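Observations on the three-dimensional arrangement
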Amino acid sequence: MTVTPQKLVERLRSRGRRYIALHLRYEKDMLSFTGCTYGLTDAESEELGIMRENTNHWKMKKINATEQRIGGFCPLTPKEIGIFLRALGYPPSTLIYVAAGEIYGGDARLLELKSRFPNLIFKETIATQEEMKAFAHHSSQTAALDYIISIESDVFIPSHSGNMARAVEGHRRFLGHRKTITPDRKGLVNLFDKLEAGQLKEGSSLSYHVTQMHKDRQGAPRTRGGSPPGIKGRERFRTEESFYENPYPECICSSKEH
């Protein structure tokens, strides 16, 4: 028996009607590729480094994990996502669908996110074992499930930018600028470090900073960003905002007559 993404969306809706789709990029290969080791053990960091060294098509081998994180280039950790969502005002009862591969560190790494948001749902918990058998060894098909469930969500939040996150955001814009909250990872890391240092506490103050930081990062219509002045040729395409991330205005009609 094969389950459709639409059927899984129906099952999600039956649990709470509204849900957030969280694209949680915390898989082993993502952390290894980006060189992000914050919150990991020494053994885990070493394991990721070995994986990066042994992956021939990854050109960057020596990466400063601290600089990566401060620069906003690392995926948010599950704990950081939990703090972020609470600061945005989402209550613990919020239903969250986790669109992800295998989380590095397993269930233990999800504990602090679950402590804030107990209603975490995975495709494996809304589909039966029999239904999931059809997707065994077909990662592109399981990714397609996550993609469509994310498209249909009430709110989409990616923990890191990437091909799928950009495509989902662009698709949601095309469907009417559905709410997509894109975390300002660089700004958030600064706040999280203040929390850790005791210079800031979770509550109204953190919530104010986080909401102000993200008031213009929620999927509202905006013209796609171009490349810096003077950039030409292939470099222009590398520096301008991805069309798949934001197809406005070329592919989104502004008139109700169309």
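Before any of the text, the structure's been laid out above.
Let us look at the structure shown here.

Definitions and cut-offs
- Residues numbered from 1 in each chain as written.
- Predicted model: local features only at pLDDT ≥ 70, side-chain atom pairs only at ≥ 80, totals over all residues.
- Heavy atoms only, no water.
- Axes fitted to C-alpha atoms, helices over the stretch in contact; angles between N-to-C directions.
- Helix = DSSP H or I, 4+ residues; strand = E, 2+ residues; numbered from the N terminus.
- Parallel < 35°, antiparallel > 145°, perpendicular 65-115°, else oblique.
- Left-handed = near helix turned anticlockwise from the far one by under 90°.
- Contact = heavy atoms within 4.5 Å.
- Disulfide = S-S within 2.5 Å.
- Buried < 20%, exposed > 50% of the residue type's maximum accessible area, 1.4 Å probe, protein only.
- Pairing = 2+ DSSP bridges.
- Expected span 1.5 Å × (residues − 1).
- Arc of directions from axis to C-beta.
- Salt bridge = Lys/Arg side-chain N within 4 Å of Asp/Glu carboxyl O.

On to the packing of helix 1 (residues 5-16) against helix 9 (residues 139-151). The N-to-C vectors of helix 1 and helix 9 enclose an angle of 50°; their axes lie 9 Å apart at closest approach. Between helix 1 and helix 9, the interaxial angle falls into the category oblique. Viewed along their axes, helix 1 and helix 9 form a crossing whose handedness is right-handed. Mapping the contact onto sequence places Pro5, Gln6, Leu8, Val9 and Leu12 in helix 1 and Leu145, Ile148 and Ile149 in helix 9.

Applying the stated criterion to the full structure yields one disulfide. Paired through a disulfide, Cys36 and Cys74 show a sulfur-sulfur distance of 2.0 Å. Measuring the twist about the S-S bond at about -95°, one finds the Cys36-Cys74 disulfide to be left-handed. Placement of the pair is Cys36 in the loop between helix 2 (28-34) and helix 3 (42-54) and Cys74 in the loop between helix 4 (65-70) and helix 5 (78-87), with a sequence separation of 38 residues. Comparing Cys36 with Cys74 shows no difference in burial state: the two are buried.

Sheets are built from strands paired through backbone hydrogen bonds, the pairs being either parallel or antiparallel. Taken in spatial order, the four strands make up an open sheet running 3-2-1-4, and their pairing is parallel. In this open sheet, the two edge strands, each paired with only one partner strand, are strand 3 (120-121) and strand 4 (155-158). In this structure, strand 1 (residues 20-23) lies alongside strand 4, joined through four bridges in parallel fashion. Within strand 4, the position partnered with Leu22 by the bridge is Ile157. The sheet contacts of helix 9 involve strand 1, strand 2 (96-99) and strand 4, and relative to strand 2 the element is tilted by about 145°.

With that settled, the discussion passes to the pairing of strand 1. The side-chain alternation of strand 1 yields two buried faces, one formed by Ile20 and Leu22 and the other by Ala21 and His23. The pairing of strand 1 with strand 2 spans four bridges and is classified as parallel. Paired with Ile20 across the strands is Ile96, a residue of strand 2.

When the terminal C-alpha atoms of helix 3 are compared, their 18 Å separation across 13 residues agrees well with the 18 Å that a helix rising 1.5 Å per residue should span. Every buried residue belonging to helix 3 is among Glu44, Leu48 and Arg52, and all of these are buried. Buried residues of helix 3, seen end-on, are gathered within an arc of 75° and therefore sit on one face of the element. Those residues of helix 3 that are exposed and angled more than 90 degrees off the buried face are Asp42, Ala43, Glu46 and Asn54. Elements that come into contact with the buried residues of helix 3 comprise helix 2.

Attention shifts here to unusual backbone geometry. Not every positive phi belongs to a glycine, and His177 is a case in point at roughly 55°. For His177, the position within the fold is in the loop between helix 10 (163-174) and helix 11 (185-196).

Turning next to the pattern of salt bridges. A complete count under the given rule lists 17 salt bridges for this structure. Measuring nitrogen to oxygen at the nearest pair gives 2.8 Å for the salt bridge that ties Glu27 to Arg25. Of the residues examined, Arg25 reaches a relative accessible area of 19% and is grouped as buried. The partner of Glu53 in a salt bridge is Lys62, with the nearest N and O atoms 3.6 Å apart. Given the relative accessible area of 36%, Glu53 is considered partly exposed. By relative accessible area, which is 71% here, Lys62 ends up exposed. In the salt-bridge network here, residues are joined through shared partners; they are Arg13, Arg18 and Asp154.

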